[in-house]
Amino acid sequence: MRSNTGRPDPLDALDALAVDVPAPGGGRLWAERSGSGSPVILLHGAGMDARLWDAVVPELARHHDVVRYDARGLGRSSLPGRPFDDVEDLLAVLDHFGLDRAALVGLSMGGETALDFTLAHPGRVGALALVGASVSGHDWPQDPQSSAYATARRERDAAALAALELSIWAPLGRTASGGALIETMVADNAERRIAGEAFFAHFPDRDAESRLGEIAVPTLVVHGDRDHPEIAAIAERLVADLPDAHGVTVPEADHYLPLRTPERLVELLLAHLA
């Protein structure tokens, strides 16, 4: 039984409550809340959805009040019909659950959103955990992979986009831990990703990379040793420029680290968030 506040009762701390959060400007964001303790928000990457955290939530929710949600246009959230901002969506999730302050755990695009949100709303963030994170303002190298991604988007070729996602970002393949779910999640979101990204609001002056020194909260920076080389370069920059950061490289993990090595990630998160 849950109380009418929407928070888990102690005896039902691991029960999950799924809700639709009204999205700024219209639409809805699918969200799930479980556990009890200090609040933690989980943010997935582009082309994924909240299933990225399936192997992490059960143990994390034994110690924390955990919220995960599908970003706009992905998973079970509605497709946008007008330009939207992931930072404002995250603010809407926090406000919907009545969370004045939370730790943010973000992977890839989710890490970028977490950094941008922290700069925009510093009083709402108690800690950061950046997993294989990107960062706004970073100058990504132009290479054949980037060109292939651009072509797939331009031609609205969902199958090509999904294949690129798996070959570039999930090189450990289907037989490694979480492989089947990764393939399913990428396939499920490929068409929605193309449709939704057309409405993603661009902010040319949003440049977290040049403002990392302004972020004072304790930050854990994690990446897998089999992730894209540019992710390792970004992780090195984050550790060097964030005032209170430490980095960890996880063996035998690619960009989908929460599904490849969930036990190790939970161990790192619990130590960081304690």
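Our subject in this report is the structure included herewith.

1. Regarding the overall build of the chain
Looking only at helices and strands, the chain features 9 helices and 8 strands. In terms of overall size, the chain behaves like a compact globule, its C-alpha atoms giving a radius of gyration of 17 Å where 274 residues would be expected to give roughly 19 Å. Along the first, second and third principal axes, the C-alpha atoms of the chain reach 50 × 40 × 40 Å. Here the chain, with 274 residues, has 53% of them falling under the buried criterion. Contacts spanning at least 24 positions in sequence make up 73% of the contacts within the chain whose residues lie at least 6 apart. When the accessible area of the chain is evaluated, it comes to approximately 11,600 Å², of which 53% is carbon and sulfur surface. Side-chain charges in the chain split into 24 positive and 41 negative, and the spacing between the mean points of these groups amounts to 4 Å.

2. Looking at the packing of helix α4 (residues 144-154) against helix α5 (residues 158-169)
Packing of α4 against α5 leaves a shortest axis separation of 9 Å and a crossing angle of 155°. Regarding the angle of α4 to α5, the classification is roughly antiparallel. For the pair α4 and α5, the sense of crossing is left-handed. Contacts between α4 and α5 involve Gln 145, Ala 148, Tyr 149, Ala 152 and Arg 153 on the former and, on the latter, Ala 160, Leu 161, Leu 164, Glu 165, Ile 168 and Trp 169.

3. What to know about the environment of Asp 254
Along the chain, Asp 254 falls in the loop between β8 (245-250) and α8 (257-260). On the basis of relative accessible area, Asp 254 is assigned to the buried category, the value being 0%. Sequence separation of Asp 254 and Gly 173 is 81 residues, and the distance between their C-alpha atoms is 9.5 Å. The contacts of Asp 254, once residues within four sequence positions are left out, are Trp 169, Ala 170, Pro 171, Leu 172, Gly 224, Arg 226, Asp 227 and Arg 260.

4. Some details on the pattern of salt bridges
By the definition in use, this model includes 20 salt bridges. With a closest N to O distance of 3.1 Å, Arg 51 and Asp 188 form a salt bridge. Placement of Arg 51 in the loop between β3 (38-43) and α1 (57-60) and of Asp 188 in helix α6 (residues 179-197) is noted, with a sequence separation of 137 residues between them. Via salt bridges that share partners, Arg 153, Glu 165, Arg 193 and Glu 197 belong to a single interconnected network.

5. A word on the sheet that holds β3
Pairing in this open sheet of 8 strands is mixed, and the strands run β1-β2-β4-β3-β5-β6-β7-β8 from one edge to the other. In this open sheet, the two edge strands, each paired with only one partner strand, are β1 (16-22) and β8. Neighbour to neighbour, the strand axes of the sheet diverge by 20° on average, direction disregarded. Relative to strand β7 (residues 219-224), strand β6 (residues 125-131) runs parallel, the two being bridged by 4 bridges. For Leu 130, the partnering residue across the bridge sits in β7 and is Val 221. Across the sheet, helix α7 (residues 229-241) lies against β6, β7 and β8, angled at about 160° from β7, the strand it touches most.

6. Things to note about helix α2 (residues 86-96)
Most of α2 is tucked away, with 8 of its 11 residues classed as buried. In the core, the buried residues of α2 are packed alongside β1, β2 (28-34), β3, β4 (64-69), β5 (102-107) and α3 (109-120). Between the side-chain oxygen at the start of α2 and the backbone nitrogen of Val 87 there is a gap of 3.0 Å, and the oxygen is on Asp 85. Gly 98, located one to two residues past α2, shows a positive phi value of around 65°.

7. Here's the deal with the packing of α2 against α3
One way to put it is that α2 packs onto α3 with a least axis distance of 9 Å and a crossing angle of 75°. Judged on the interaxial angle alone, α3 and α2 are roughly perpendicular. Between α2, through Asp 86, Val 87, Leu 90, Leu 91 and Leu 94, and α3, the contact on the second element is made entirely by Met 109, Thr 113, Asp 116, Phe 117 and Ala 120. Class assignment of the residues belonging to the contact of α2 with α3 gives a composition of 7 nonpolar, 1 polar and 2 charged.

8. Notes on the pairing of β2
For β2, the tally of buried residues reaches 6 of 7 residues, placing the bulk of the element in the interior. Note: β1 against β2, 7 bridges, orientation antiparallel. Bridge pairing links Val 19 to Ala 31 in β2. Between β1 and the antiparallel strand that follows it, β2, lie 5 residues; Gly 25 among them carries a positive phi value of about 85°.

Reading the values: rules and limits
Residues numbered from 1 in each chain as written. Predicted model: local features only at pLDDT ≥ 70, side-chain atom pairs only at ≥ 80, totals over all residues. Heavy atoms only, no water. Helix = DSSP H or I, 4+ residues; strand = E, 2+ residues; numbered from the N terminus. Rg over C-alpha atoms; globule rule 2.2 N^0.38 Å. Buried < 20%, exposed > 50% of the residue type's maximum accessible area, 1.4 Å probe, protein only. Contact = heavy atoms within 4.5 Å. Areas by Shrake-Rupley, 256 points an atom, 1.4 Å probe, with all protein chains shown as cover. Lys, Arg positive; Asp, Glu negative; His and termini not counted. Charge placed at Lys NZ, Arg CZ, Asp CG, Glu CD. Axes fitted to C-alpha atoms, helices over the stretch in contact; angles between N-to-C directions. Parallel < 35°, antiparallel > 145°, perpendicular 65-115°, else oblique. Left-handed = near helix turned anticlockwise from the far one by under 90°. Salt bridge = Lys/Arg side-chain N within 4 Å of Asp/Glu carboxyl O. Pairing = 2+ DSSP bridges. Polar contact = N/O pair within 3.5 Å; in protein donor to acceptor, adjacent residues only side chain to side chain. Nonpolar A, V, L, I, M, F, W, Y, C, P; charged D, E, K, R; others polar.

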